[in-house]
Amino acid sequence: MGSLLSSEVGWSWAFWAYSLRRHPAPMAAIRSNLAWFSGPESGTLAMCSPEEAALLRLEEVFSATLSRINSFVLQPLLEAEPSDPWGRECLQLLQQLHRSSQQLWEVTEESLHSLQERLRHPDSISLESLLLLHSADRVLQVHLEYIESYTSCVAVQAFQKAVKRRSEYWQGQRKALQQFLSGMSSEGSVGTALVQALRQPLTHHVQQCVLLLLSLRDTVGESHPTRELLVHTVTIFGNLQSFMRQELDQAMATQALWHTLSSRQRDVLCTPAHRLLQDSQDIPVTVTPLRAERVLLFDDALVLLQGHSVHTFDLKLVWVEPGQDRCMFHLLTPEEEFSLCSKDPQGQVAWQWKVTQAVCQTLRRKKDFPVLGAGLEPSEPPTCRCGAYTFRAEGRFSQATYEGEWYGGRPHGKGTLKWPDGRNHVGDFCQGLEHGFGIRLVPQASEDKFDCYKCHWREGSMCGYGICEYSTSEVYKGYFQEGLRHGFGVLESTPQTPQPCRYTGHWERGQRSGYGVQDDGDRGERYIGMWQADQRHGPGVVVTQAGVCYQGTFQADKMVGPGILLCEDDSLYEGTFTRDLTFVGKGKVTFPNGFTLEGSFGSGAGRGLHTQGVLDTAALPPDPGSTRKRQLGLGVFPVESRWQGVYGPFQDFVQAGCPGDLQEALLGFHVQSSRELRKSQEYLCCERTHPEDHAGRMEDILEELLQHRAPEALQQCLRKALSNSLHPLGKLLRTLMLTFQATYSGIGANKHLQGLAQEEVKQHAQELWAAYRGLLQVALQCKGQAPEEDQDAEARDLQVHRLMLPLVLPSFYSELFTLYLLLHEREDSLYSQGIANLSLFPDTKLLEFLDVQKHLWPLKDLMLTTNQRYSLVRDACFLSATECLQKMITTVDPREKLEVLERTYGEIEATVSRMLGQEHKLPMDDLLPLLIYVVSRAQIQHLGAEIHLIRDMMAPIHTGGLYDFLLTALESCYEHIQKEDMRLHRLPSRWNSREPW
């Protein structure tokens with residue numbers, strides 16, 4: 001290899017610089033020595049300041065030294081190819097050191113070039129052009145990377161291990177090393193010599209730079225443009241000198257530590273990243289309640305040693321808290337809490353300060369500069385952090401890895417939990433437990449199948465509203481408690497499943513219990529009634545696709561005791577049944593014609609239904625409405641308790657003061673349900689409607705209720721709220737719509753359930769009004785205002801029918817009106833036939849047929865053309881009243897329908913008054929035939945269903961009033977028109993429509 005420095009100047013400079021490092025001299029001595037370099041052969045160097053010339057020589061020597069180190073030291077270290085893993089890791093460290101050394105040489109060359117240009121052209125190139133001044137931060141970064149690479153090699157003894165692999169080669173280079181290192185003895189270790197060979201030039205170079213830059217700063221005036229740059233560079237190199245000294249000391253201490261540990265401990269702890277900061281053998285501490293013979297503090301971990309065991313704590317997840325006395329402080333980690341106790345307060349202060357600063361440094365992911373605890377950022381670690389940890393202790397989280405936010409040693413905030421078996425949970429945590437919204441995937445035995453839970457959690461278990469998609473293709477949407485379905489919920493399977501079903505109702509500890517509705521796709525039937533322990537138990541109603549209805553009692557999922565069965569042809573059976581609704585045992589059948597069959601019933605293979613009893617054909621025909629319109633379930637399922645599981649969470653929400661963070665858990669949320677969304681939990685979390693905005697939204701909702709308390713403004717406010725799926729009232733209404741459709745649509749569209757349905761609609765309107773009142777009381781409390789007094793029953797019913805029922809009825813109208821249509825189908829059929837027959841009459845013939853007094857006929861309204869007779873005019877009399885009545889079907893609001901009827905009555909009286917030339921009030925005897933005429937001409941379909949729906953939904957305050965009177969008159973018209981078919985068969989020939997008037 002030859003000597004490390006070939007030129008005489010290089011050797012002289014190195015010797016002079018090394019001597020100066022060992023015996024610092026004043027600046028005057030430096031300048032006298034620099035005269036040797038500023039002779040005639042130096043040219044323009046004599047025109048520049050001695051400090052700049054000295055910097056030039058310093059960079060020249062350092063550049064040459066780095067070049068020699070790369071070729072003489074580092075390159076040979078890289079030539080050996082290790083076979084063991086630890087040797088390969090050391091080789092990687094040396095390769096990184098070689099790259100860092102090369103970068104340091106390159107930046108030194110750039111600095112040297114800038115100094116040469118400055119010294120050659122001092123008049124045209126300013127001092128600011130020096131690389132050391134205008135790129136001081138870049139120069140610093142290159143030095144830091146070199147120091148990091150070098151100290152990593154020192155800490156794990158990479159030089160000694162590399163030399164050992166090529167011991168013969170390095171023994172031959174001992175003399176060259178002795179020339180390079182004046183202090184090296186002939187018996188010294190070659191590895192140690194290499195450590196010094198890479199350390200001495202750098203430490204000397206940085207020290208001399210500091211001295212020369214300080215001197216150069218002193219030669220520049222306070223107002224000089226480069227003054228600030230010089231001050232900055234001096235500060236950087238001064239800090240670099242302190243940082244380098246600390247790093248070298250820590251690396252040497254870490255290297256010495258490995259010799260004091262057992263081989264097992266060394267294998268666990270010896271990594272290039274570790275730097276020893278404190279050792280309990282230097283400042284003794286004890287650990288309680290854990291046991292530890294020795295405590296080691298590294299720059300990224302706290303280690304407890306007990307025998308051969310090593311317990312390591314990642315400093316990113318270590319929280320430091322003061323102790324009860326001056327000799328103790330506490331440490332919190334994800335799975336352990338313990339204290340460090342020292343013999344005296346000074347030891348406690350030293351350990352606590354170093355642990356705290358090491359935690360801060362670890363969290364910042366960069367070392368403090370220039371020394372530990374001297375960074376610009378806060379010296380106290382934050383209580384809220386982000387990190388990853390794998391739990392080792394037994395429990396629910398055993399072997400699971402949590403990555404996310406922490407607080408006080410516990411998962412707290414948003415995070416992800418993953419188990420080795422494939423389970424994972426994404427969501428909110430609180431004090432170490434799942435708490436808030438979270439999504440959990442649970443893989444199943446089948447490939448690519450899993451259960452997906454999108455739920456709210458409380459203290460580690462599902463609690464509140466959730467949506468769960470199971471690998472069996474079932475989906476549950478509803479409430480949970482302690483991880484089990486509890487409260488209201490809907491469980492539905494896809495039609496493709498072997499046994500498709502849908503349950504809408506109440507749950508208790510994971511089982512169907514209470515009031516619920518279930519569809520059985522295989523059997524084509526719907527059960528409406530009570531449940532217990534996942535079985536039908538108690539009173540219930542079964543409706544089939546064939547229109548058969550059964551009401552009776554169930555026990556352990558079986559029919560017990562007597563019941564009633566209504567067939568589609570209105571036959572009635574009272575007795576006992578099989579599960580297939582087959583007559584068995586004693587019973588009685590009442591046929592639509594009034595015949596009865598009473599006796600014992602049974603069935604057998606190939607025999608069909610057989611009976612032994614008495615057939616009574618002498619009984620009087622029953623009232624047509626007694627069986628055909630018989631209602632099931634009334635009085636059996638109290639309407640106020642049927643859907644308490646839906647009302648209950650809203651009541652809890654109001655009683656809690658409507659907190660925004662509980663709105664989702666108590667009132668539900670809506671996300672699209674699809675396999676594509678289930679692939680990404682993070683995407684599912686984003687699909688929800690900005691839960692962080694719930695608190696602000698609730699404040700706006702409550703404020704709006706306060707500002708719209710007047711009747712007209714209130715109705716508009718309620719309309720807006722009920723139509724908004726994000727409003728609490730809107731959410732409650734949509735859930736009630738879900739229960740209503742589950743009960744009364746499809747198979748449930750049965751005339752015998754009309755009574756249950758209209759009861760529910762009224763109850764839902766009352767509950768929604770109570771919900772509004774609850775929100776209003778909370779709004780008043782939030783503003784510090786006195787709450788409103790409770791309403792009495794009469795005032796409440798008035799507000800419900802006047803404000804709430806008209807707003808909610810459209811949401812249930814389709815299913816409800818269908819039930820009314822089915823219930824009154826026969827009467828409406830007769831009515832339709834009567835309307836068809838009456839429509840054959842011209843106006844005057846129909847008025848005469850209806851016995852309308854002739855002085856009330858609106859003949860003035862009949863505008864005749866040439867060759868036209870009164871007897872041929874059709875649909876012209878009382879036209880305004882007819883058109884008015886036709887508007888009844890344009891609204892679903894019972895009150896608006898009654899107002900239409902009132903205006904129709906007014907139009908009839910106005911027409912009569914115009915004909916008579918004076919105001920005229922019609923008595924009932926005159927009004928009824930005129931109203932029949934108007935109704936027949938309006939030709940409103942399903943008028944019977946309309947009339948009965950209005951009657952059932954009419955506010956009690958109108959009973960006995962004008963609206964009640966007009967509705968009764970309309971009912972009379974409806975009944976008369978049904979009977980007109982019989983009268984028309986007995987009409988005399990003079991009623992022929994072609995006969996002249």
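Residues numbered from 1 in each chain as written. Predicted model: local features only at pLDDT ≥ 70, side-chain atom pairs only at ≥ 80, totals over all residues. Heavy atoms only, no water.

As annotated in an unreviewed UniProt entry, the chain carries the name ALS2 C-terminal-like protein and is attributed to Delphinapterus leucas. If you open the UniProt record of the chain and go to Function (unreviewed entry), you find "Acts as a guanine nucleotide exchange factor (GEF) for Rab5 GTPase. Regulates the ALS2-mediated endosome dynamics." Here is the UniProt Subcellular location (unreviewed entry) comment for the chain, exactly as written: "Cytoplasm". (UniProt positions renumbered as here; feature names shortened; annotations may be inferred.)

### Digging into the nonpolar core
Counting residues in hydrophobic clusters, the biggest one holds 78 residues, and the most contacted among them are Leu-77, Tyr-150, Phe-159, Leu-194, Leu-198 and Phe-237. No other element matches the 13 residues that helix α10 (residues 190-219) contributes to this core. Leave out the neighbours within four places in its chain, and Phe-237 touches Leu-132, Val-139, Val-206, Cys-209, Val-210 and Leu-213. In terms of nonpolar packing, the next biggest core, distinct from the first, is built from 77 residues, Val-490, Leu-572, Trp-769 and Leu-809 among them. (Core = buried A, V, L, I, M, F, W, Y, C linked by side-chain atoms within 4.5 Å. Buried < 20%, exposed > 50% of the residue type's maximum accessible area, 1.4 Å probe, protein only. Helix = DSSP H or I, 4+ residues; strand = E, 2+ residues; numbered from the N terminus. Contact = heavy atoms within 4.5 Å.)

### Regarding the packing of aromatic side chains
Within this structure, the stated rule accounts for 33 aromatic pairs. Look at Tyr-527 and Phe-554: their rings are 5.0 Å apart centre to centre, the planes differ by 80 degrees, and that puts the pair in the edge-to-face class. Of the two residues, Tyr-527 sits in strand β20 (residues 525-532) while Phe-554 sits in strand β22 (residues 549-555), which places them 27 residues apart along the sequence. Phe-554 matches Tyr-527 in its accessibility class, with the two residues each being buried. Both rings, one in Tyr-573 and one in Phe-601, keep their centres 5.4 Å apart while their planes meet at 90 degrees; by these two values the pair is edge-to-face. In this pair, Tyr-573 is assigned in strand β24 (residues 572-577) and Phe-601 in strand β26 (residues 596-604), connecting sequence segments 28 residues apart. Relative accessible area serves as the criterion here: at 7%, Phe-601 is assigned to the buried category. Through successive ring pairs, a cluster of aromatic residues spans Tyr-476, Phe-480, Tyr-503, Trp-507, Tyr-527, Trp-531, Tyr-550 and Phe-554. (Phe/Tyr/Trp six-rings, centres within 6.5 Å; stacked < 30°, edge-to-face > 60°.)

### A look at helix α27 (residues 879-886)
Within the sequence span of α27, burial applies to Ala-881, Thr-882, Cys-884 and Leu-885. The buried residues of α27 occupy an angular sector of 165 degrees when the element is viewed end-on, so they sit on one face. Taken together, the buried residues of α27 touch α28 (894-916) and α29 (924-938). (Arc of directions from axis to C-beta.)

### Section: the packing of helix α25 (residues 825-838) against α29
Between α25 and α29, the shortest axis-to-axis distance is 9 Å and the interhelical angle comes to 95 degrees. By the angle between their axes, α25 is roughly perpendicular relative to α29. Contacts from Tyr-831, Ile-835 and Leu-838 of α25 reach α29 at Val-935, Ser-936 and Arg-937. Grouping the amino acids of the contact of α25 with α29 by side-chain chemistry returns four nonpolar, one polar and one charged. (Axes fitted to C-alpha atoms, helices over the stretch in contact; angles between N-to-C directions. Parallel < 35°, antiparallel > 145°, perpendicular 65-115°, else oblique. Nonpolar A, V, L, I, M, F, W, Y, C, P; charged D, E, K, R; others polar.)

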